[in-house]
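Spelled out, the chains give:
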Amino acid sequence: MPPGTITLGTSQIRHGNDGDIDQLDSLLRYCIEAMRAIGIDQWDDIYPARSTLLCDIQSGALYVATAPDQTIVGSFALDDQQEPEYSRVQWTIQKARVAVVHRLMVHPNCQRSGIARHLMQFAENRASELDYGAIRLDAFIANPAAVRLYTSLGYQAAGIVIFRKGPFQCFEKAL
Amino acid sequence: MDVIYVRLLEEGTDAYRPVPATRLESSVYVIDPQAPYDIADEVWEFPPGTRVIGSRHPRESALG
């Protein structure tokens, strides 16, 4: 098993690669459609884009969860790229190296099965391995499932930033 | 039918649920009485059927 790979019951998490892009793009579209169906206008055709996911792959930031048949059921990006708006947040955890989780998504057919939680636990372990001292991220405040996921994992609210789609709650957690 | 955002209680942080609502006048809405609501799952500040006054919140041009 390659480094940075773990098996989680029925799914496995690994680095994304160029061959994953079509599946990832499709996963993104399914997620956007499912969120829109319940009124959550968080992502659209502008962001995140296929090119965003490609950049994540090419920078080595993207991880995917796959089912036993290798279908991608979820993904996220982990790097140290903080949005400029983060500079206005009153973060309480100050570490020399801070990792950021971006674009966590799980296929709508696989939601409520613990995949997002597993992906986040993987992200925390991976960030620790890479010598990061904390994780920062943001969640759309009108996406209760996302907000609830992060609070249940011990993330602390640090403040709200306003992006194109509205207010996002920033979260932080020491590793 | 419009979509408005109802604050969720007991979440420990700011969270809102997008809900369908009918605009009655200006900024007055009535939350769709048929909106799916499971109080065992989450607690809305205003339940379905409530008449509420909405306010607008800012958006910026940055990516989110």
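Residues numbered from 1 in each chain as written. Chains lettered and ligands numbered in written order. Predicted model: local features only at pLDDT ≥ 70, side-chain atom pairs only at ≥ 80, totals over all residues.

**Description of the overall build of chain A**
Next up, step 1: The number of helices and strands found in chain A is four helices and eight strands.
Next up, step 2: Going from the N terminus to the C terminus, chain A shows its helices and strands as β-β-α-α-β-β-β-α-β-α-β-β.
Next up, step 3: Taken against the 2.2 N^0.38 rule, which gives 16 Å for 175 residues, the C-alpha radius of gyration of chain A at 15 Å falls within 12% of a compact globule.
Next up, step 4: Dimensions of chain A, computed from C-alpha atoms along their principal axes, come out at roughly 45 × 35 × 30 Å.
Next up, step 5: Taking all contacts inside chain A whose residues are at least 6 apart in sequence as the whole, residues at least 24 apart take part in 67%. (Helix = DSSP H or I, 4+ residues; strand = E, 2+ residues; numbered from the N terminus. Rg over C-alpha atoms; globule rule 2.2 N^0.38 Å. Contact = placed C-beta atoms within 7 Å.)

**Regarding the confidence of the model for chain B**
Next up, step 1: Of the residues in chain B, 89% have a pLDDT of 70 or more, and the chain-wide mean is 89.
Next up, step 2: Scored as a whole, the predicted complex attains pTM 0.89, and scored at its interfaces, ipTM 0.82. (pLDDT = per-residue confidence, 0-100.)

**Structural notes on the pairing of strand β6 (residues 134-140) of chain A**
All names here are of chain A.
Next up, step 1: With six of seven residues buried, β6 is to be regarded as a mostly interior element.
Next up, step 2: One ladder, built from three bridges, connects strand β5 (residues 98-106) with β6; its direction is parallel. Considered in β6, the bridge of Val100 is made with Arg136.
Next up, step 3: Viewed along the sheet, the connection from β5 through helix α3 (residues 115-129) into β6 turns out right-handed.
Next up, step 4: Inspection of the sheet shows β6 paired to strand β8 (residues 166-174) by seven bridges, in the antiparallel sense. Among the inter-strand pairings, Leu137 is bridged to a residue of β8, identified as Phe171. (Buried ≥ 20, exposed ≤ 12 C-beta atoms within 10 Å, placed from the backbone. Pairing = 2+ DSSP bridges. Right-handed = clockwise from strand over helix to strand, strands pointing away.)

**A word on the interface of chain B and chain A**
Often the size quoted for an interface is simply the accessible area lost on bringing the parts together.
Next up, step 1: Each side of the interface is counted separately: chain B has 20 residues, and chain A has 21 residues.
Next up, step 2: The set of elements that each furnish at least two residues to the side of chain B that touches chain A consists of β1 (2-9) and β2 (16-25) of chain B.
Next up, step 3: When its residues are assigned to classes, the side of chain B that touches chain A shows nine nonpolar, five polar and six charged. (Nonpolar A, V, L, I, M, F, W, Y, C, P; charged D, E, K, R; others polar.)

**Considering the nonpolar core**
Residues and elements named next belong to chain A.
Next up, step 1: The biggest cluster of nonpolar side chains holds 57 residues, and the ones touching the most others in it are Phe76, Leu78, Val101, Leu119, Ala123 and Ala139.
Next up, step 2: It is α3 that provides the largest number of residues to this core, a total of seven residues.
Next up, step 3: In this view, Ala123 contacts Phe76, Leu78, Val101 and Ile135; residues no more than four positions away in its chain are not counted. (Core = buried A, V, L, I, M, F, W, Y, C linked by C-beta atoms within 7 Å.)

**Structural notes on the environment of Asp20 of chain A**
All names here are of chain A.
Next up, step 1: Tracing the chain through its elements places Asp20 in the loop between β2 (11-15) and α1 (21-37).
Next up, step 2: On a C-alpha basis, the gap between Asp20 and Leu149 in space is 26 Å, while along the polypeptide they are 129 residues apart.
Next up, step 3: Those residues within four positions of Asp20 in sequence are excluded, and the remaining contacts are Ile57, Val64 and Ile72.

**Description of the packing of α1 of chain A against helix α2 (residues 50-58) of chain A**
All names here are of chain A.
Next up, step 1: Across the interface, α1 lies against α2 with an axial gap of 10 Å and an inter-helix angle of 135 degrees. Our classification of the angle between α1 and α2 gives oblique. The interaxial crossing formed by α1 with α2 has right-handed handedness. Counted together, Ile21, Leu24, Asp25 and Leu28 of α1 and Arg50, Leu53, Leu54 and Ile57 of α2 form the full contact between these two elements.
Next up, step 2: In the contact of α1 with α2, the residues fall into six nonpolar, no polar and two charged. (Axes fitted to C-alpha atoms, helices over the stretch in contact; angles between N-to-C directions. Parallel < 35°, antiparallel > 145°, perpendicular 65-115°, else oblique. Left-handed = near helix turned anticlockwise from the far one by under 90°.)

**Quick look at unusual backbone geometry**
Next up, step 1: A cis amide bond links Tyr47 of chain A to the next residue, Pro48 of chain A, at an omega of -10 degrees.
Next up, step 2: Its place among the elements puts Pro48 of chain A in the loop between α1 and α2.
Next up, step 3: At Glu10 of chain B, a residue that is not glycine, the phi angle is positive and equals roughly 65 degrees.
Next up, step 4: Structurally, the position occupied by Glu10 of chain B is in the loop between β1 and β2.
Next up, step 5: On the neighbour-count criterion, Glu10 of chain B (7 C-beta atoms within 10 Å) is exposed.

**Description of the sheet that holds strand β5 (residues 51-53) of chain B**
Residue and element names in this part refer to chain B.
Next up, step 1: Read across the open sheet, the five strands follow the order β4-β1-β2-β3-β5; overall the sheet is antiparallel. The sheet is open, and its two borders are formed by β4 (43-44) and β5, each paired with just one other strand.
Next up, step 2: Here β2 runs beside strand β3 (residues 28-31); their pairing, made up of four bridges, is antiparallel. In the sheet register, Ala21 faces β3, and the bridge partner there is Ile31.

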